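Reading the structure
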Amino acid sequence: MHSRNIVSLALSVILIFCCGMVAMAQGTGQGTGEGTPVQRMEVMRSKLESMRRSLNSALASMNSKDSGDKKDGKANADDPSARLRGLEQEASSVLSEVNDLRAKSDRAERVESDDLTKLETSVTDLNTRVQAGLQATANARSSSGNVASTEKKKKKGKFLGIFGGGGDDKYAELTDEVAAGRDRELFEVAAKEVRTGDYDTGRLLFNTIITTYPDSPFLPLAKLAIADSFYLEGTTAALIQAAQAYQDWRTFFPTDPLSDRVMLKEAEAEMRQMGLANRDVTRARKAEQRLKALLQQFPNTSMRKEVETRLIEVQENLGMHSLQIARFYRDKFYRGVGGLKGAQSRLREIVQKYPHFSYMDEVLLMLGDLYIQEEEPDEAAKYFQMVARDFPNGDYAEKAREELTKIGVPVPEPDPIKKDFPKPERPGMMGKFLNEVAGTAHVTVNNNGVIISKSSKGGSDLIDEAIARGGQLPSLTPIPVEQRRQPPRTFPQGTPSTPGKAPANPTTAPATQQITPATTTPASTTQPGTRP
């Protein structure tokens, strides 16, 4: 017995230490932007370096040595190369500011949130002007493309600061010389690079299509492929950019048939960044908002059941967050230091907003107990009856029946649909410990992009069909539900019914009732972690 106590104490100390370290790490991320200050700086640096490479590539293709007209020894401001060169210098200047802040952070000095916000605004504004400048100078680059390619043959240099001179210059030829059909070739090569994990090169090639071939049929898909590349990369900084890139794509193409899939991918980008319920739930709230918006804008989407499953998982995280706060306030109340209204507010929020919450029986029992403390037995009896009827095999059913007997209210018969369900399984001490160490929420996501997957071979993605069809996708029709069905999933608890009535929807019943939610594509994966 003594040894078991020592082991339990040691595990508790380790758990507290791990939680403290994670909380400290996440505490640095509180700010006005997306992610921690370091993540926000990495996102800005990635965007600025991408802009600089695109501008340098455009300048190289314009044979800027001879194209710059000068008046009185000064470059003409209307000259395309002068315009691009000015943007490149501005991008370099902002990048220098970002690097200065990053160095300050590395020295453990305080980085003001206002400074980060101002830089993010500058980067966003600069990116808009860079894209406009690249598109406005596309014709000038086209007319000077042949001259530039000749210069390249004489002296091979680096392509976009990535590939060394004197070697294979196929990418330089693709980007420097504007020619009919070159956009398709760029699109195909870029997809290959992304599939092999060279995301930077793939994005640069896709971006060349956007800035050099503004009338290309591949342009919408190139923009979407860039967003996919960030999603496939999967780092926190990349996922932040993926969510923004998907949102920007929908702004440009709001009526595209892929819009519902893109909205789901926006939500999944947030879900992949979700932490445990006892930590920051900002990502979970954003994912919930995006999923609800998807169902509202596309009520007949072929992915409806899949979206509903994602929503249940996200709301499980949010429900547990509210329950933990309610427990804190309840304990304060029992110690005589207030907290009653705070606990009741959180518990009622769970009942109203998260009907599929797996700990609903505990929520209802706590509400009933708090009403007993307020000497409102009639109100308390309603919640005790829900527990006894709708959760007959749960951990709190016997307690609810005892409370009803004390009040003098008849104990309802168990719901006939739910009484045969086995007792729900919940993680023990070791399961909770491993969950804390993993530090991620238990959610199901698809780690592939909208039109491109991680497969290095390809052949079955939408991007392959687009290449074969010259930039056009086939008609996207809803996938029959029977073709997308998976083995049923179980939820330990479900939706409480109204006192005295049968459940409105048996499919949300408590205990380990089998529910057949939306299915995911074969590439769907479950993020590590266990439901608390």
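Because the structure is predicted, anything quoted here is derived from the model rather than measured.

When helices and strands are tallied, the protein shows 21 helices and 6 strands. By residue count, 46% of the 532 residues in the protein fall in the buried class. Contacts in the protein between residues at least 24 apart in sequence constitute 70% of all its contacts with a sequence separation of at least 6. For the protein, the computed accessible surface area is about 25,900 Å², with 51% contributed by carbon and sulfur atoms.

Taken as a whole, this structure holds 28 salt bridges when the rule is applied. Taking the shortest distance from any N to any O, the salt bridge between Glu288 and Lys292 comes out at 3.4 Å. Taken together, the residues span about one helical turn, with Glu288 and Lys292 both in helix α14 (residues 282-297) at a distance of 4 residues. On the basis of relative accessible area, Glu288 is assigned to the buried category, the value being 9%. According to the relative accessible area criterion, Lys292 is partly exposed, its value standing at 43%. Three or more residues are tied together by salt bridges with common partners; here these are Arg250, Glu266, Glu270, Arg283 and Arg290.

The topology assignment puts Tyr354 in the loop between α16 (340-353) and α17 (360-373). Each C-alpha atom of the pair Tyr354 and Gln315 lies 6.0 Å from the other, and the pair is 39 residues apart in sequence. Apart from the residues within four sequence positions on either side, Tyr354 is in contact with Arg285, Glu288, Gln315, Leu318, Gly319, Ser322, Glu349 and Met360.

So, on to the packing of aromatic side chains. Any aromatic ring pair is given by two values, namely how distant the centres are and how the planes are angled relative to each other. Enumeration according to the criterion identifies 9 aromatic pairs in this entry. On the numbers, 5.4 Å between centres and 45° between planes, the contact of Trp249 with Phe253 is tilted. Judged by relative accessible area, Phe253 falls into the buried class, the value being 19%. With a centroid separation of 5.9 Å and 35° between ring planes, the pair formed by Phe357 and Tyr359 is classed as tilted. Each member of the pair, Phe357 as well as Tyr359, is classed as buried. Through a chain of ring-to-ring contacts, three or more aromatic side chains come together here, namely Phe187, Phe206 and Phe218. Arg203 extends its terminal NZ or CZ atom over the ring of Phe230, reaching a point 4.0 Å from the ring centre. Residue placement shows Lys223 over the ring face of Phe252; its charged tip is 4.7 Å from the ring centre.

Two quantities define a packed helix pair, namely the angle between the helix axes and the distance between the axes. Interaxial distance between helix α18 (residues 377-390) and helix α19 (residues 397-407) falls to 8 Å at its minimum, and their mutual angle equals 145°. Of the two elements, α18 crosses α19, and the hand of that crossing is left-handed. Every residue of α19 that contacts α18 at Pro377, Ala381, Phe384, Gln385, Val387 and Ala388 is listed here: Ala397, Ala400, Arg401, Glu403, Leu404 and Ile407. When its residues are assigned to classes, the contact of α18 with α19 shows 9 nonpolar, 1 polar and 2 charged.

With that out of the way, let us pick up the confidence of the model for the protein. One rule of thumb: low pLDDT means the predicted coordinates there are not for detailed reading. Per-residue pLDDT for the protein averages 76, and the proportion of residues at 70 or more is 69%. Of the regions scoring below 50 in pLDDT, residues 13-32 engages in 18 contacts with residues more than four places distant in sequence or in other chains. Every residue in residues 64-69 is under pLDDT 50, and counting partners more than four places away or in other chains gives 12 contacts.

With that out of the way, let us pick up the packing of helix α13 (residues 259-271) against helix α15 (residues 304-334). Look at α13 against α15: their axes get within 12 Å of each other, and the N-to-C directions meet at 25°. One finds that α13 runs roughly parallel with respect to α15. Regarding α13 and α15, the two cross each other, and that crossing is left-handed. Across from Leu264, Glu268 and Met271 in α13, the residues of α15 making contact are Glu306, Val307, Arg310, Glu313 and Val314. Split into classes, the residues belonging to the contact of α13 with α15 amount to 4 nonpolar, no polar and 4 charged.

A few words now on the side chain of Arg250. Inspection of the secondary structure puts Arg250 in helix α12 (residues 236-252). Discounting residues that sit within four places of it in the chain, Arg250 has contacts with Ser259, Val262, Met263 and Glu266.

Ranked by internal contacts, the top residues of the largest apolar core, which has 91 residues, are Phe187, Phe206, Leu258, Leu323, Phe357 and Ile451. Looking at this core, the element that brings in the most residues is helix α11 (residues 219-233), giving 10 residues. Sequence-distant contacts of Phe187, that is, excluding residues within four places in its chain, are made with Phe206, Ile209, Phe218, Leu221, Ala222, Ile463 and Ile467. Leu55, Leu84, Val98 and Leu116 belong to the second largest nonpolar core, which has 21 residues in total.

What follows deals with α17. With 14 residues, α17 should reach 20 Å at 1.5 Å per residue; the first-to-last C-alpha distance of 20 Å fits that figure. Counted residue by residue, α17 has 11 buried out of 14 residues, so it is predominantly covered. Taken together, the buried positions of α17 are occupied by Met360, Asp361, Glu362, Val363, Leu364, Leu365, Met366, Leu367, Gly368, Leu370 and Tyr371. Its buried side turned inward, α17 meets α15, α16, α18 and α19. Immediately beyond the C-terminal end of α17, within one or two residues, lies Glu375, with a positive phi of roughly 60°.

Here the focus is the environment of Leu347. Positionally, Leu347 belongs in helix α16. Every residue in contact with Leu347, bar those within four places of it in the chain, is listed here: Leu323, Ala326, Val363, Met366, Leu367 and Leu370.

Our focus in this paragraph is unusual backbone geometry. One non-glycine residue with positive phi stands out, namely Glu375, at about 60°. Considering the arrangement of structural elements, one finds Glu375 in the loop between α17 and α18.

Once that is clear, we can look at α16. With 14 residues, α16 should reach 20 Å at 1.5 Å per residue; the first-to-last C-alpha distance of 20 Å fits that figure. Among all positions in α16, only Leu340, Ala343, Gln344, Leu347, Glu349 and Ile350 are buried. At its buried positions, α16 is contacted by α15 and α17.

Cut-offs and rules
- Throughout, residues of each chain are indexed from 1 in the direction in which the sequence is written.
- Local features in this predicted model are restricted to residues of pLDDT 70 or higher, and side-chain atom pairs are both shown and tallied only at a pLDDT of 80 or more, whereas totals for entire chains, interfaces and linings draw on every residue.
- By convention in this description, side-chain values take in all heavy atoms of the structure and omit both hydrogens and water.
- Starting at the N terminus, helices and strands are each numbered in turn, a helix being any DSSP run of H or I of at least four residues and a strand any DSSP run of E of at least two.
- Partly exposed describes any residue whose relative accessible area lies between the buried limit of under 20% and the exposed limit of over 50%, with all areas from a 1.4 Å probe on protein chains only and scaled to the type maximum.
- Contact definition: two residues touch when any of their heavy atoms are within 4.5 Å.
- Reported accessibility uses the Shrake-Rupley method at a 1.4 Å probe radius. Residues are deemed covered only where the shown protein chains occlude them.
- Salt bridges are defined by distance alone: a side-chain nitrogen of Lys or Arg within 4 Å of a carboxyl oxygen of Asp or Glu.
- Between 30 and 60 degrees the pair is tilted, below 30 it is stacked and above 60 it is edge-to-face, where a pair is any two Phe, Tyr or Trp rings, Trp via its six-membered ring, whose centres lie within 6.5 Å.
- Charge-over-ring contacts are defined here by two conditions on Lys NZ or Arg CZ: a distance within 6 Å of the ring centre and an angle within 35 degrees of the ring normal.
- What counts as an axis is a line fitted to C-alpha atoms, over the stretch in contact for a helix, and the angles between N-to-C directions run from 0 to 180 degrees.
- If you view the pair so one helix is near and one far, a crossing is left-handed when the near helix is turned anticlockwise from the far one by less than a right angle, and right-handed when it is turned clockwise.
- Gly is put with the polar residues, along with every residue not named as nonpolar or charged; the nonpolar set is Ala, Val, Leu, Ile, Met, Phe, Trp, Tyr, Cys and Pro, and the charged set is Asp, Glu, Lys and Arg.
- The quantity known as pLDDT measures the predictor's confidence residue by residue, on a range of 0 to 100.
- Put simply, angles under 35 degrees are roughly parallel, angles over 145 are roughly antiparallel, angles from 65 to 115 are roughly perpendicular, and the rest are oblique.
- The criterion is simple. A nonpolar core is a set of buried Ala, Val, Leu, Ile, Met, Phe, Trp, Tyr and Cys residues joined through side-chain atoms within 4.5 Å.
- A helix is expected to span 1.5 Å for every residue after the first.

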